[in-house]
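Breakdown of the fold
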Amino acid sequence: MDKTYTLEVAGVTRELPIMPIADNLSIASFVILGDTELVTAAAPLLAEKLPEVDVLITAEAKGIPLIFEVSRVLKMKKYYVARKSTKPYMDAPLINEVESITTQKKQILCLDGADAREISGKRVAIIDDVISTGKSLQAIEDLVVKAGGHVAARAAILAEGDAAKRSDIIFLQELPLFFHE
Ligand SMILES: O=P(O)(O)OC[C@H]1O[C@H](OP(=O)(O)OP(=O)(O)O)[C@H](O)[C@@H]1O
């Protein structure tokens, strides 16, 4: 099997290392943390595909640079982040469990109660770097609904595996999964 996968997205090319995550499955590792060139190229393309929304939300961690840039392009003054642990400075956080394709154990996602109150009644776009099993997306969506927000868009740079067949998400490029014996 190839050791890398050549990804072309938003006019940028990256050689993604193919990494095993289970006995019969490998993924092309896509890490946008630190990749200013890719994030700044992808964010405006995603921003122009979004319907009109009031707020943006992502999950810690890899969605953060992307949501920052999308909010900047859209001239939004802030964005929201569901964290993967509670913090003492949070006010009555909303908490949900989450498991992603790369998660080895269960994690939590939590939204500060103060953020939840601001999201209430708003049209929300969920932003992430990749949608794969969709479990992270669903966990964020559950928090948004709990907060009283209305999910109006689900957007990512890449749709991995079967996620590329979904008609309810916005994405720029597909990413294959690599199954083996
Ligand atoms: O559709 P899914 O199967 O849920 O996978 C997609 C999620 O997985 C990755 O995050 P990861 O869990 O690796 O966390 P990190 O951003 O904190 O590294 C990615 O950033 C998405 O949030």
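These notes cover the structure that comes with them. Fair warning: this is a prediction, and the values are worked out from it, not measured in the lab.

Counted under the stated rule, the structure contains 13 salt bridges. In this structure, Asp54 and Arg123 form a salt bridge, with 2.9 Å as the shortest nitrogen-oxygen distance. Of the two residues, Asp54 sits in the loop between helix H1 (36-49) and strand E4 (55-59) while Arg123 sits in strand E8 (residues 123-131), which places them 69 residues apart along the sequence. Relative accessible area serves as the criterion here: at 33%, Asp54 is assigned to the partly exposed category. Glu69 is the partner of Arg72 in a salt bridge, and the nearest nitrogen-oxygen pair spans 2.7 Å. Taken together, the positions of Arg72 and Glu69, both in helix H2 (residues 63-73) and three residues apart, correspond to about one turn of that helix. A relative accessible area of 7% places Glu69 in the buried class.

Grouped together as the largest cluster of nonpolar side chains are 31 residues, with contacts concentrated most on Phe30, Leu50, Leu56 and Ile157. Of all the elements in the fold, those that place two or more residues in this core are strand E1 (4-9), strand E2 (12-22), H1, H2, E8, strand E9 (150-160) and strand E10 (170-175). Broken down by element, this core gets its largest block of residues, six residues, from H1. Not counting chain neighbours up to four residues away, the residues in contact with Leu50 comprise Leu56, Val70, Leu74, Ala125, Ile127, Ala153, Ala155 and Ile170. Ile119, Ala147, Ala156 and Ala164 belong to the second-largest nonpolar core, a separate cluster that totals 25 residues.

The next subject is the sheet that holds E1. Spatial ordering of the open sheet is given by E1-E2-E3-E11, a layout of four strands whose pairing is antiparallel. Because the sheet does not close on itself, it has two edges, and the strands there are E1 and strand E11 (177-179). Neighbour-to-neighbour, the strand axes of the sheet open up by a mean angle of 30°, direction not taken into account. Across six bridges, the pairing between E1 and E2 is antiparallel. Note on E2: the bridge partner recorded for Thr6 is Glu15. Here H1 sits on the sheet and contacts E1 and E2; the angle it forms with E2, its principal contact strand, is near 105°.

Moving on, we come to the site of the ligand. Neighbouring the ligand are 17 residues; Thr102, Asp128, Asp129, Thr133 and Ser136 lie closest to it. Contact between the ligand and Ser100: an oxygen atom at 2.6 Å from a side-chain N or O atom of the residue. Between Thr102 and the ligand, the recorded distance is 2.5 Å, taken from a side-chain N or O atom to an oxygen atom. Starting from 510 Å² of accessible surface for the ligand in isolation, the protein chains cover 86%. Looking at the shell around the ligand, the elements that each hand over two or more residues are E8 and helix H4 (135-146). With four residues, the top contributor of residues to the shell around the ligand is E8.

This brings us to H2. Residues Gly63, Leu66, Ile67, Glu69, Val70 and Ser71 constitute the buried set of H2. For H2, the secondary structure elements touched by its buried residues are H1, E4, strand E5 (80-82), E8 and E9. Lys75 sits one or two positions beyond H2 and adopts a positive phi of about 55°.

A few words on H1. The end-to-end C-alpha distance of H1 is 20 Å, a good match for the 20 Å that 14 residues give at a rise of 1.5 Å each. What H1 keeps buried is the set Leu38, Val39, Ala42, Ala43, Leu46 and Ala47. Taken together, the buried residues of H1 touch E1, E2, H2, E9 and E10.

Conventions adopted
- By convention here, each chain's residues receive numbers from 1 onward along its written sequence.
- Whole-chain, interface and lining totals are the exception, using all residues; otherwise, since this is a predicted model, local features are given only for residues with pLDDT of at least 70 and side-chain atom pairs are given and counted only at 80 or more.
- To obtain the side-chain values, all non-hydrogen atoms of the structure were included, while hydrogens and water were left out.
- The working definition used for a salt bridge is a side-chain nitrogen of Lys or Arg within 4 Å of a carboxyl oxygen of Asp or Glu.
- Segments assigned H or I by DSSP are reported as helices when at least four residues long, segments assigned E as strands when at least two residues long, and all are numbered from the N terminus.
- When accessible area is computed with a 1.4 Å probe and restricted to protein chains, residues below 20% of their type maximum are described as buried, those above 50% as exposed, and intermediate ones as partly exposed.
- By nonpolar core is meant a set of buried Ala, Val, Leu, Ile, Met, Phe, Trp, Tyr and Cys residues that side-chain atoms within 4.5 Å join together.
- Residues are treated as being in contact if the distance between any of their heavy atoms lies within 4.5 Å.
- Note on pairing: two strands pair once DSSP finds at least 2 bridges between them.
- All axes are obtained by fitting lines to C-alpha atoms, using only the stretch in contact for helices, and the reported angles, taken between N-to-C directions, cover 0 to 180 degrees.
- Throughout this document, a residue counts as near a molecule or strand when at least one of its heavy atoms sits within 4 Å of that molecule or strand.
- Nitrogen and oxygen atoms within 3.5 Å of one another constitute a polar contact, given that in protein one can donate a hydrogen and the other can accept it, and given that sequence-neighbouring residues count only through two side-chain atoms.
- We get accessible surface area from the Shrake-Rupley algorithm with a probe of 1.4 Å; when it comes to residues, only the shown protein chains can shield them.
- Each helix should span, by expectation, one fewer than its residue count multiplied by 1.5 Å.

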